Amino acid sequence: MERDEIYLIDLWRIFTREWTWFVLVLVLTLVCTYAFAHLVKRQWEATAWIQIGQVGQVLPGQDPKVEPLQRVTERLQLVPFKNEVLESAGYAKTSSVAQLYRSSLKLEPMLYAGSVVRLSVRAYSRQQASELATATVARLRMVHRGLEEAPLKSARARLAQVESDLQTAEADRVRYRQAAESENKGGAGGKDMANPMLASLLLANKNEEIRGLRQARSDLVDRLGPTNTYETSLVWPVYVPDKQAFPNPELTWGIGLLLGLFLGSSAALARNVARRPARD
């Protein structure tokens, strides 16, 4: 315990004797921190939430999403894809903006929110960051439009076929009904149907067919509606805080102060060690 007290007293004497070195290094470190905080290029971070598009009409057991979530995240991290985004936004792929975009782009799949990916990207202004985030989503949407073209075309063709079959079935039902009614009235109006009893049976079958076709049409319309079929898009608008992401003023000055105290203490101790041979 006594040795600790002596050590602390000696340490205090060192700092009181070499205080000029401590203060000088501390001030120099704070000046460097000030210069760094004011001269370094400021960066703003934009955040976008991307909802992956889907086509509701797919084969049983298949994922309705245009592209699986994992494959989307891999695509967004491809350098060629990033370069396409930069080109669409009007930036050269060798510019400082492009380098910052490629290095800062981060992705976080949000599985609890469905097929949603949270994207963050940095740029040298708020407008620039928002522009690059929006361009990324727009480019991904264009890629997904190409992927969903075939299943959408197939689903719409299927709907058109069901509509055509339904119209034909309804026309046939009118003929069968007329033939059945002619038999019930005892007339000879069943010229198109030799056996009115057969017409009644066919009418019942046709009613069942029409019911099935209407159900199929309703199901297809529902699957192709905006609830089940939609494009890749932003869930919410791109968000860019007013406060810059880098450098963080509070963090920068905190680190600068701690570093200054450490370097100042080290300088005072080093100067005291350097004086000892001269005193001996």
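Residues numbered from 1 in each chain as written. Predicted model: local features only at pLDDT ≥ 70, side-chain atom pairs only at ≥ 80, totals over all residues. Heavy atoms only, no water.

Novice: Before we move on, could you go through the sheet that holds strand β2 (residues 106–110) and cite the residues and values that matter?
Specialist: As a general point, the strands of a sheet are linked pairwise by backbone hydrogen bonds and lie either parallel or antiparallel. With antiparallel pairing, four strands are arranged side by side in an open sheet as β2-β3-β1-β4. Two strands close off the open sheet at either side, each with one partner strand: β2 and β4 (233–239). On average, each strand axis in the sheet is tilted by 20 degrees relative to the strand beside it, whichever way the strands run. Inspection of the sheet shows strand β1 (residues 44–51) paired to strand β3 (residues 116–123) by eight bridges, in the antiparallel sense. Opposite E45, over in β3, you have R122 as the bridge partner. Running over the sheet, helix α5 (residues 96–104) touches β2 and β3 and is turned about 145 degrees from β3. (Pairing = 2+ DSSP bridges. Helix = DSSP H or I, 4+ residues; strand = E, 2+ residues; numbered from the N terminus. Axes fitted to C-alpha atoms, helices over the stretch in contact; angles between N-to-C directions. Contact = heavy atoms within 4.5 Å.)

Novice: Got a sec to walk through the environment of L140? Specific residues and values, please.
Specialist: One can find L140 in helix α6 (residues 126–184). Sequence separation between L140 and V85 is 55 residues, and the spatial gap between their C-alpha atoms is 8.9 Å. If near-sequence neighbours (up to four positions away) are discounted, L140 is found in contact with I50, V72, R75, L76, F81 and T232.

Novice: Any chance you could break down the side chain of K65 for me, citing the residues and the numbers?
Specialist: Assignment of secondary structure puts K65 in the loop between β1 and α3 (69–76). Here Q54 takes part through its side chain, which lies 3.1 Å from a polar atom of the side chain of K65. (Polar contact = N/O pair within 3.5 Å; in protein donor to acceptor, adjacent residues only side chain to side chain.)

Novice: Mind laying out the packing of helix α4 (residues 79–89) against α5, listing which residues take part and the relevant values?
Specialist: For the pair α4 and α5, interaxial distance at closest approach is 11 Å and the crossing angle is 135 degrees. In terms of orientation, α4 lies oblique with respect to α5. For the pair α4 and α5, the crossing hand works out as right-handed. On α5, the residues touching V79, K82, N83, V85 and L86 of α4 are A98, Y101 and R102. For the contact of α4 with α5, the per-class residue count stands at five nonpolar, one polar and two charged. (Parallel < 35°, antiparallel > 145°, perpendicular 65-115°, else oblique. Left-handed = near helix turned anticlockwise from the far one by under 90°. Nonpolar A, V, L, I, M, F, W, Y, C, P; charged D, E, K, R; others polar.)

Novice: A description of the nonpolar core should follow, citing residues and the corresponding values.
Specialist: In this structure, A46, I50, Y101, L119, L132 and A133 are the most contacted members of the largest nonpolar core, which totals 30 residues. Counting residues per element, the ones that place at least two in this core are β1, α3, α4, α5, β3 and α6. Of the residues forming this core, the biggest block, seven residues, is contributed by α6. Beyond its immediate sequence surroundings of up to four residues, L132 is in contact with V85, L86, A89, Y91, V97, Y101, R122 and A123. Core analysis: the second largest hydrophobic core is formed by seven residues, L159, V162, L166 and L213 among them. (Core = buried A, V, L, I, M, F, W, Y, C linked by side-chain atoms within 4.5 Å. Buried < 20%, exposed > 50% of the residue type's maximum accessible area, 1.4 Å probe, protein only.)

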